[in-house]
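Examination of the molecular architecture
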Amino acid sequence: MMNKGRSLALLWLVAVALLLGHNGYLWLVKRIVPDTDIMALLPVQERDPILQRSFAHMVDAAQQRVIVLVGAAEWDDAKRAADAYSAVLAQRPDLFDTANASDSVQAEWLSLFQRHRLVLMTPGQQEQLQKEGAAFWTQAALAKLYAPFGGPKLSAWQDDPFGLFSGWVQERAQETPVRPRDGHLFVADNEKQYVLLPLTLKVPALSMTAQGRVLPLLEEAVAAARKAAPQARVIQAGVILHAANAGSQASREMHTIGVGSIAGIVLLIWFTFRTLKPIALILLSIGVGVLGALSVCWLLFGQIHLMTLVFGASLVGVAQDYGIYYLCNRLSAFPVLDSRALLKKLLPGLSLTLLAAVIGYMGLAFTPFPGLRQMAVFSALGLVFAWLTVVFWFPQLIGPHSLKGGALVRRYGALLYRWPVLRANAGTWLAVAMFAVLAAFGIARLGANDDIRLLQNPPKHLVDDQIKLGKLLDAPTPVQFFLVRGASAETVLQREEALKRRLDKLIGEGRLTGYQALSNWVPSARTQAERRALVDLKLLGPGGPLAAVAQQAGEDDAWVQATAAALRAAGAPLDIDTFLAAPASEPWRHLWLGKEHGEFASIVALRGLSMADVPRVRPLADGLAGVQWVDKVEEISSVLGRYRVNMGFVVLGAYGVVFVLLLPRYRGRAWRVLAPTALASVATLAILGYAGQDLQLFHVLALMLLLGVGVDYGIFMQEGAEKSDEGKDTTPWLAVGLSAANTLLAFGLLGLSNTPALRAFGLTMLLGTLLVWLAVPCFALTIIKKEKAHADAIGIS
């Protein structure tokens, strides 16, 4: 009859086969692609869905755009290079939509507004209508009639005799420095004249597959432009460029960390056991851990983020602890001890190490960051699956006489007998006092920096292009704007108009260059009604300016009546739905959120806003009902700061929870398990302070994980003390050394990441793990005294 251990091993084999099949289905059949959207790592504003929607609306609108500027000192060169660039893109109409700047498009754009021109005027014109008398408007109309160069002619003179509509069109044109020229969109600075090529992606910008198709085409287009005009400069900006760079960087790091960690583990285990079997078993446990974590994470989240895989690559530095602990104990155990019996003796310690590590990882899950939650679940699941593999399979696959210690083991084990040990004497208390003073001084030097921009580090050329393009196009930022809400579309437009009156003062002071708002194009019904009444009263009435102009121009009353009637007919109300349905609204549709959760909402975006002027802009929403300042950078940075503080308390609480978990097994020695990790954490903070580092959330999160990892080492050493009456060995010290070396390798490589947040995390883990490794023997005096004889007997001391 099959014994219980073999039955469990076979059951686990079935489970692993299912995991293997599911992973094969995901990668080979479903062809899943990791998510590369860095914004997916950011917290969701669950308390205010409209606020969250407004941000997503702005980001989604920008996400599918690629803006290209092709410039040269001479306009003809710029056009030739831009045409060559466009010719390459034209070969793939399935990837891009391109804008058309032809005369017919401009005429179509104007046709909607021509039908409502009577109510379309600037606030300055409306104020002028209220203040100026009939003589002023009469002269203005006559000047337009007789002046040959009185500004752009959008229609016949009698369609806009007082120039109100043409003035409104000119002000709308000021919302962008871009102008049509020779069938192209034109913009210039002091050095070059540029052709603007606004592109809209037809494929998802965040899809790695799409990035693989789009980026080579863009590179080919740039080469074609430079071939056509060698002196041409091409500036490109778009989310897809940043996403592709982030994805490429994350892939490189994932492979570097994963391959580096695996190589380190293979070498260390080879030098330790001098046989391939332990290497295969450790890699097997890690492989099952990764398979299980990926499968369950996909089932839970429906996708996997590339950063999760990068972070998960460091999992191999922790997941191997259980296998190494078992193998080291198998190496030192008496040959007569059966592997199942050995596992039974090790199971309490192994269970505590898993529990402590999972507590450490799950601390990350307390954050509001979806990306961190996924990383935490992925890592915790990976540890559980690796642990189960060790428990179910290792006793079946590794028996007595399977392992032999090498020279490295003997030399390393000998170090333990020369390691300093803390004793209750004057020297120890002096060392403690010195440590306390130095640590306090170092921690006092720590600053804090919670800037969200620490999450990523795009390459300089992308940043430079983005800045250059922003200056040339005077484009608004998508992360700082005003959100306007109301019970109806009319209320929203009225509130926008109230806000704009306040913004106009800052524009007058030069703090802003302008703003984008739907009410610029569609005034509220109340404003439209006021303007119709004002025009009728001040311009079209009997004896008014229109009649005076007719008299001067030699026209009769019939002409006056016909012209006034035509103007009034062009005063039909323009509503928001009509505007949004017209092609002219395409560049501004992202400003209108429509009806969300019972409220209408819109966005007022600001142009030319500097970070220094944000404190002047933010209070403009004060006292305006339904108007709210949205600063996503500040909001998320504030969340990071708040959670940095909160997670600090969670780390302290986790120490308390782990201490309580340890008490039933270790009683008076429980503090010896925790003390090395606690001291290492304090020392790490002090070193960061001396190094001039600013503390951020990711340092604190690493301290939480350090608790899970460091407690393993404390447990290993104290478990050695538990079985010290059986003989003498340095097995716990060997297990700690191998585990720590591999963890240092995994997180040390993470410390080389180009992503600042991951680098902070990795460096904290690197320092902390090294310090725990060095400190943990100092708290294990009883082991050394009682276990030397057996170590001598098996040749590892």
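In case you missed it, the structure is sitting above this.
These lines cover the structure that appears in this document, whether it is placed above or below. Remember, it's a predicted structure, so these values are computed and weren't measured experimentally. (Residues numbered from 1 in each chain as written. Predicted model: local features only at pLDDT ≥ 70, side-chain atom pairs only at ≥ 80, totals over all residues. Heavy atoms only, no water.)

Moving on to the pairing of strand S8 (residues 480–486). In regular strands, side chains alternate between the two faces of the sheet. For S8, a buried count of 7 out of 7 residues is recorded, marking the element as mostly surrounded by other parts of the structure. A two-sided burial pattern is seen for S8, the buried positions comprising Gln480, Phe482, Val484 and Gly486 on one face and Phe481, Leu483 and Arg485 on the other. Note that S8 and strand S12 (residues 627–631) share 5 bridges and pair antiparallel. In the strand pairing of S12, Phe481 is matched with Val630. As paired strands, S8 and strand S11 (residues 599–607) are joined by 6 bridges and run antiparallel to one another. Bridge pairing in S11 links Leu483 to Ile603. (Buried < 20%, exposed > 50% of the residue type's maximum accessible area, 1.4 Å probe, protein only. Helix = DSSP H or I, 4+ residues; strand = E, 2+ residues; numbered from the N terminus. Pairing = 2+ DSSP bridges.)

This part takes up helix H8 (residues 208–228). With 21 residues, H8 ought to run about 30 Å at 1.5 Å a step, and its terminal C-alpha atoms sit 30 Å apart, in line with that. Burial in H8 covers these residues: Ala210, Gln211, Val214, Leu217, Leu218, Ala221, Val222 and Ala225. The buried side chains of H8 occupy one side of the element, clustering within an arc of 150 degrees when seen end-on. In H8, the exposed residues that point more than 90 degrees away from the buried face are Glu219 and Lys227. Looking at the buried positions of H8, the neighbouring elements they touch are helix H3 (75–89), strand S2 (96–98), strand S5 (193–201), strand S6 (233–238) and helix H9 (239–273). (Expected span 1.5 Å × (residues − 1). Arc of directions from axis to C-beta. Contact = heavy atoms within 4.5 Å.)

A few words now on the packing of aromatic side chains. Scanning the model with the defined rule gives 19 aromatic pairs in all. Relative to Phe186, the ring of Trp75 has its centre 5.1 Å away and its plane inclined at 90 degrees; by these criteria the two rings are edge-to-face. Taken as a pair, Trp75 in helix H3 and Phe186 in strand S4 (residues 184–188) lie far apart in primary sequence, 111 residues in all. The burial state of Trp75 is the same as that of Phe186; both residues are buried. Taking the centre distance of 4.8 Å and the plane angle of 5 degrees together, the rings of Tyr412 and Trp733 count as stacked. With Tyr412 in helix H15 (residues 407–415) and Trp733 in helix H27 (residues 731–750), this pair connects stretches of sequence that are 321 residues apart. Assessed through its relative accessible area of 14%, Tyr412 is described here as buried. For Trp733, a relative accessible area of 1% corresponds to the buried category. (Phe/Tyr/Trp six-rings, centres within 6.5 Å; stacked < 30°, edge-to-face > 60°.)

A grouping of Leu267, Trp270, Phe271, Leu276 and Leu408 is seen on the molecular surface, where their side chains present a nonpolar patch of about 480 Å² in accessible area. Looking at which element gives the most residues to the nonpolar patch, the answer is H9, with 3 residues. Along the polypeptide, Trp270 turns up in helix H9. Assessed through its relative accessible area of 33%, Trp270 is described here as partly exposed. (Patch = residues over 30% accessible without salt bridge, like charges linked within 9 Å, V, L, I, M, F, W, Y side chains within 5 Å. Areas by Shrake-Rupley, 256 points an atom, 1.4 Å probe, with all protein chains shown as cover. Salt bridge = Lys/Arg side-chain N within 4 Å of Asp/Glu carboxyl O.)

By themselves, these observations are geometric and do not establish any function.
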